[in-house]
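A look at the structure
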Amino acid sequence: MIEIQNITKTYGKKANAFTALDDVSFTVPSGASVAIVGKSGSGKSTLMHIMSGLDKPSSGSIVVDNQDISQLKSKALDRFRAEKIGFIFQAFFVQANETCMQNVSLPLEIARVARGSRKKRIAEALNQVELSEKATTKARNLSGGQKQRLAIARAIVNKPSIIFADEPTGNLDSATGEKVEKLLFEFNKQLGSTLVVVTHDADLAKKCDMQIHIKDGSITRIETAKKNVPAKGGAK
Amino acid sequence: MRMLDIITRAGRSLKNAKARTLLTSLAIAVGAFTLTITLAAGNGIREYTDRLIANNFDPAESIVGRDKEVENTGAPDTSPKEYDSSVANVSFGGGGGSMQVKQVTDKDIKELKSLSYVESVRPNYEIAARYITRTGQKKYTLSLQAYNPGQKPETEAGSAPTTDVVKGTVLLPKEYVKLLKFDSAKDAIGKTVKVTIERPFTEETLKEFVAQSMMGQAPTTQPTQETKTISLKVAAVTKKGAAALSPAGLPLLLNAKDAKSMYDYTTKGTNQYGKYLYASVRIKGGENDTTAAAAKKKLKKLDYYVMTSQELQQTIGQFVDVLQILVGVFGVITVIASVFGIINTMYISVLERTREIGLMKALGMRGRSVAWLFRLEAAWIGMIGGVLGALGAFVLGVSLNPWITKTLSLGKGNDLLIFDLAQIVGLIVILTVVAIVAGWLPARKAAKLDPIEALRTE
Ligand SMILES: Nc1ncnc2c1ncn2[C@@H]1O[C@H](COP(=O)(O)OP(=O)(O)O)[C@@H](O)[C@H]1O
Ligand SMILES: [Mg+2]
């Protein structure tokens, strides 16, 4: 469960101060899929960074599985991300000169997983995104869709409890984008990982259990799919 | 991240920038090359001088004198001193002027010989000889010395005695075999050579000569120098060994008693009579450092100045050290220059890999690990450079050694460049550490990178 409580994020100081997030609160139940929807510059990425422990809020708290991560020291926060969070970015950020295996190996190395058990987990993750044949191929030789699948393999290899995806299909054509979406939802269901997708794609947002609409740093609306447990909190 | 994984990743990113890595490494390699050669030359020179000392000095023997110059390892002190009737003028070759040295007397020699910890005493006889010849042959110049068993001269014929030359015999240097028209070195053994020594002007003849000159008269009597010819049987023919120290060629080597009587003859009537610059004193068990030092302490109480053979060895060692440091400085300067190359390369590497660093940090990699990733990349550069440079120096050194030995006539089996694996490994380790230090600031920059900034795409 992720509980966002009165998050405010301000950039700059005094006259130049800019409030990117203004008193945002909501709760995401464990295993749910959430879309953060809004126009460019509305504060989606900022929110995602704060929820994932990449950035700190100016005020407010983020409680993930009963732990307030806004209070964590940098070392504990790094560890939190290494063990609990998977990231997928619009621009993939795969290492072009590394092989697929080496790319997927990175989170395991960061989490200090023993060498012996890595190989199996890497192969498993690559298999799940259907990139087994490309295991020893350099990432630079992959297509855009394959790169994003590789990024997904990297995000899931350490079995994170939350996967954050910032515009995961933004750089892909609709056909490949759909395949990536399918994979994301598959892991959300299979692994039970909470999925947080930042998007301005309405179709993608609709497939999620929960949609959080933000505008100019404030939540305007929270939609919950009928079948799911409704989340507490919401817009003010 | 575990160190092993960091090392692997650092090596991998180097492989991805091969040309840059190699070029930066080459700068280090030049320094490594110079330093490896310097170390090898230092080893070679040290080994060579050690052999020189072993072949020319008795390790149990100390030089004992009355003048503090005996212990002076630097430039001689030529400043004016209070006059002392027991001092003698010693002049140096090359127009270096003269200095006064307090000498050792026969009385001192007697005293030294009586000491319980002294095994033997050899006064330094400086014998002024005129020429050497043999019946029917020309005259040739020579130098004479008392035999020093510590010197162990190599022989062409006959053998070098272990204690002293038999009285009335001589060890003849090989050069004279041809000059004095012996058939061979072997032929010379047992044959007689004649050595002529001279006595200085006596005071009376000099006075008379001076008095006549001053009165404007042509001197009636030209002062003549008394000379004496001594017949000596050749006991052995010596040759200059590969590790012989005397650059001027070997002297004729005499029995101590013969040397003394010749010295006395050549100094009679001068203030040098019965006086010596120094004496070589063999200490009982003096091969041992502490025994030699203890004996020195006791001798100093008797107002002697002492240079033990260990100290002499140290002095020569220091000279080699200074030489090595001078050359080493060039190597160090090269290394310092290449450090800037590494810093530059590492900054570029950090800049190029902003995204990668951002991603790694976003995924929870500690700043410390990121820093080590770059430090180790620098370490790889340092190590590769070190290995390349050392290897180059080794290959070049080993192939040039025979030529150097020949050119400098060091003698067979004496290599100028001696490579020591432990030294080379140590050097590579040091260069690796230097490279890590060079990569410190760029690595810190990488560690402090903000992942959100680094991953921003718009
Ligand atoms: N480091 C920063 N300094 C100042 N302003 C920032 C910074 N990061 C983001 N912003 C601003 O905050 C707002 C929200 O940005 P962002 O969360 O990236 O929007 P979105 O992802 O919805 O496009 C934007 O107006 C952006 O310019
Ligand atoms: Mg954004």
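Residues numbered from 1 in each chain as written. Chains lettered and ligands numbered in written order. Predicted model: local features only at pLDDT ≥ 70, side-chain atom pairs only at ≥ 80, totals over all residues. Heavy atoms only, no water.

**A word on the confidence of the model for chain A**
- The predicted model of chain A has a mean per-residue pLDDT of 92, with 95% of residues at 70 or higher.
- Low pLDDT, under 50, characterises residues 230-236 of chain A; the stretch is placed with 16 contacts to residues that sit more than four places away or in other chains. (pLDDT = per-residue confidence, 0-100. Contact = heavy atoms within 4.5 Å.)

**Considering the pattern of salt bridges**
- In the structure shown here, the tally under the stated rule is 33 salt bridges over all chains.
- The residue Glu119 of chain B makes a salt bridge to Arg282 of chain B at a minimum N-O spacing of 3.0 Å. Residue Glu119 of chain B is found in strand β5 (residues 118-123), and its partner Arg282 of chain B is found in strand β14 (residues 279-283); the two are separated by 163 residues along the sequence.
- The class of Glu119 of chain B is partly exposed, set by a relative accessible area of 46%.
- Notably, a salt bridge pairs Lys167 of chain B with Asp258 of chain B, separated by 3.7 Å at the nearest N-O pair. Remark: Asp258 of chain B occurs in helix α7 (residues 256-267) and Lys167 of chain B occurs in the loop between β8 (154-157) and β9 (169-173); sequence separation between them is 91 residues.
- Residues participating in the shared-partner salt-bridge network are Glu98 and Glu109 of chain A together with Arg9 and Arg12 of chain B. (Salt bridge = Lys/Arg side-chain N within 4 Å of Asp/Glu carboxyl O. Helix = DSSP H or I, 4+ residues; strand = E, 2+ residues; numbered from the N terminus. Buried < 20%, exposed > 50% of the residue type's maximum accessible area, 1.4 Å probe, protein only.)

**Focus: the pairing of β14 of chain B**
All names here are of chain B.
- For β14, the buried fraction is high: four of the five residues fall into the buried class.
- Pairing of strand β1 (residues 61-65) with β14, which is carried by four bridges, proceeds in the antiparallel orientation. Bridging across to β14, Ile63 finds its partner in Ser280.
- Both β5 and β14 contribute to a ladder of five bridges, which runs antiparallel. Residue Pro123 lies in a different strand from β14, and its bridge partner there is Ala279. (Pairing = 2+ DSSP bridges.)

**What about the interface of chain B and chain A?**
- Between chain B and chain A, the contact holds 22 residues from the first and 28 residues from the second.
- Here chain B and chain A share an interface that buries about 2400 Å² over both sides, 55% of which is from carbon and sulfur atoms.
- Seen at the junction of chain B and chain A, the total is six salt bridges.
- Of the charged contacts, one joins Glu98 of chain A and Arg12 of chain B as a salt bridge, the two residues approaching to 3.3 Å between their closest N and O atoms.
- Where chain B packs against chain A, one counts 14 residue pairs in polar contact (both at pLDDT 80 or more).
- Among the elements of the structure, α1 (3-15), α10 (354-362) and α14 (451-455) of chain B are those that each provide at least two residues to the side of chain B that touches chain A.
- Looking at which element gives the most residues to the side of chain B that touches chain A, the answer is α10 of chain B, with six residues.
- Across the side of chain B that touches chain A, the residue classes tally to ten nonpolar, four polar and eight charged. (Buried area = accessible area lost by both parts, 1.4 Å probe. Polar contact = N/O pair within 3.5 Å; in protein donor to acceptor, adjacent residues only side chain to side chain. Nonpolar A, V, L, I, M, F, W, Y, C, P; charged D, E, K, R; others polar.)

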